Amino acid sequence: LKMPSVNLALQKVVDKAFPSVTEVAQHQQAGNKCVGAGELAQALLHYDVAISVCPNNYILHGNRAHVLLELKQFEKALWSCEIACAINPTWPKAHFRKGLALAGLKRSLEALASFALSLALLSIHCKRTNGYGSTERDCAMAQVAPPSLPPSLPP
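All residue numbers here refer to positions counted from 1 along the written sequence of the relevant chain. Local features in a predicted model are, by the rule used here, given only for residues with pLDDT of at least 70; side-chain atom pairs are given and counted only at 80 or more, and totals for whole chains, interfaces and linings are based on all residues. Side-chain measures were taken over the full set of non-hydrogen atoms in the model, leaving aside hydrogen atoms and water.

(A) Fine view of the packing of helix α4 (residues 58-70) against helix α5 (residues 74-87). Running from N to C, α4 and α5 cross one another at 160 degrees; their axes reach a closest spacing of 8 Å. Classified by the interaxial angle, the pair formed by α4 and α5 is roughly antiparallel. Handedness of the crossing formed by α4 with α5: left-handed. Contacts between α4 and α5 involve Tyr58, His61, Gly62, Arg64, Ala65, Leu68 and Leu69 from the former and Phe74, Lys76, Ala77, Ser80, Cys81, Ile83, Ala84 and Ile87 from the latter. Orientation is described by axes fitted as lines to C-alpha atoms, over the contacting stretch for helices, and by angles from 0 to 180 degrees between their N-to-C directions. Note on conventions: DSSP H or I runs of at least 4 residues are helices, E runs of at least 2 residues are strands, and numbering of each starts at the N terminus. Between 65 and 115 degrees an angle is taken as roughly perpendicular, under 35 as roughly parallel, over 145 as roughly antiparallel, and anywhere else as oblique. Each helix crossing is assigned a hand: it is left-handed if the near helix lies turned anticlockwise from the far helix by less than a right angle, otherwise right-handed if that turn is clockwise. A contact between two residues is defined here by any heavy atoms of the two lying within 4.5 Å.

(B) Expanded view of the environment of Ala77. Within the secondary structure layout, Ala77 lies in helix α5. Spatially, the C-alpha atom of Ala77 lies 8.9 Å from that of Leu100, the residues being 23 residues apart in sequence. Excluding residues within four positions of it along the chain, Ala77 makes contact with Ala65, Leu68, Leu69 and Ala101.

(C) Expanded view of the packing of α5 against helix α6 (residues 92-104). Closest axis-to-axis distance for the α5/α6 pair is 9 Å, and the angle between their directions is 155 degrees. Between α5 and α6, the interaxial angle falls into the category roughly antiparallel. When the axes of α5 and α6 are compared, the crossing they make is left-handed. Counting all contacts with α5, which are made through Phe74, Ala77, Leu78, Cys81, Glu82, Ala84 and Cys85, the residues of α6 involved are Ala94, His95, Arg97, Lys98, Leu100, Ala101, Leu102 and Gly104. When residues are grouped by polarity, Ala, Val, Leu, Ile, Met, Phe, Trp, Tyr, Cys and Pro land in nonpolar, Asp, Glu, Lys and Arg in charged, and all others, Gly among them, in polar. For the contact of α5 with α6, the class distribution of residues is ten nonpolar, two polar and three charged.

(D) Spatial organisation of the packing of aromatic side chains. Two aromatic rings, drawn from Phe, Tyr or Trp (for Trp, its six-membered ring), form a pair once their centres lie within 6.5 Å of each other, and the interplanar angle then sorts them: stacked below 30 degrees, edge-to-face above 60, tilted otherwise. All told, the structure shown has two aromatic pairs when counted by the stated rule. Here the aromatic rings of Tyr58 and Trp91 are separated by 5.0 Å at their centres, their planes lie at 70 degrees, and the arrangement is edge-to-face. Of the two residues, Tyr58 is situated in helix α4 and Trp91 in the loop between α5 and α6; the sequence distance between them amounts to 33 residues. Judged by its relative accessible area of 25%, Tyr58 falls in the partly exposed class. Geometrically, the ring pair formed by Phe96 and Phe115 is tilted, given 5.4 Å between the ring centres and 50 degrees between the ring planes. Think of it in three bands: with a 1.4 Å probe and only protein chains considered, a residue is buried below 20% of the maximum accessible area for its type, exposed above 50%, and partly exposed in between.

Geometric descriptors of this kind do not, in isolation, establish any biological role.
This is the structure we're talking about:
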């Protein structure tokens, strides 16, 4: 049973009581639509406005990093990933995007470490939630055994 008038009334109360929440959500949604349409510069502007209102939202920083990666602005993407990781160190996507930024900067060993951490966090998440909130593909990837390390190199 849908109650649109109640939902609309509730939304108006939220908008009045928490205008910044609504503004952040509007800019996040607009940024997401711009990404989908390939309008990356416009998406970046929306995410930047949302971040200026809500600087501790790790998802906004992650979305910003995604756009910057697409624009091949790896240094800026890395900075956004670092912020997202600092706010929520257990978010696998931030570490994965950090790995992409590091790889773009030709920092391969650091990138590999970020990818490994992302995979480990994803595995933990999938086990803890029994896959809820993750795609089947993500959880399947988390089940893949990491490659064995090569034997020590000779001196």
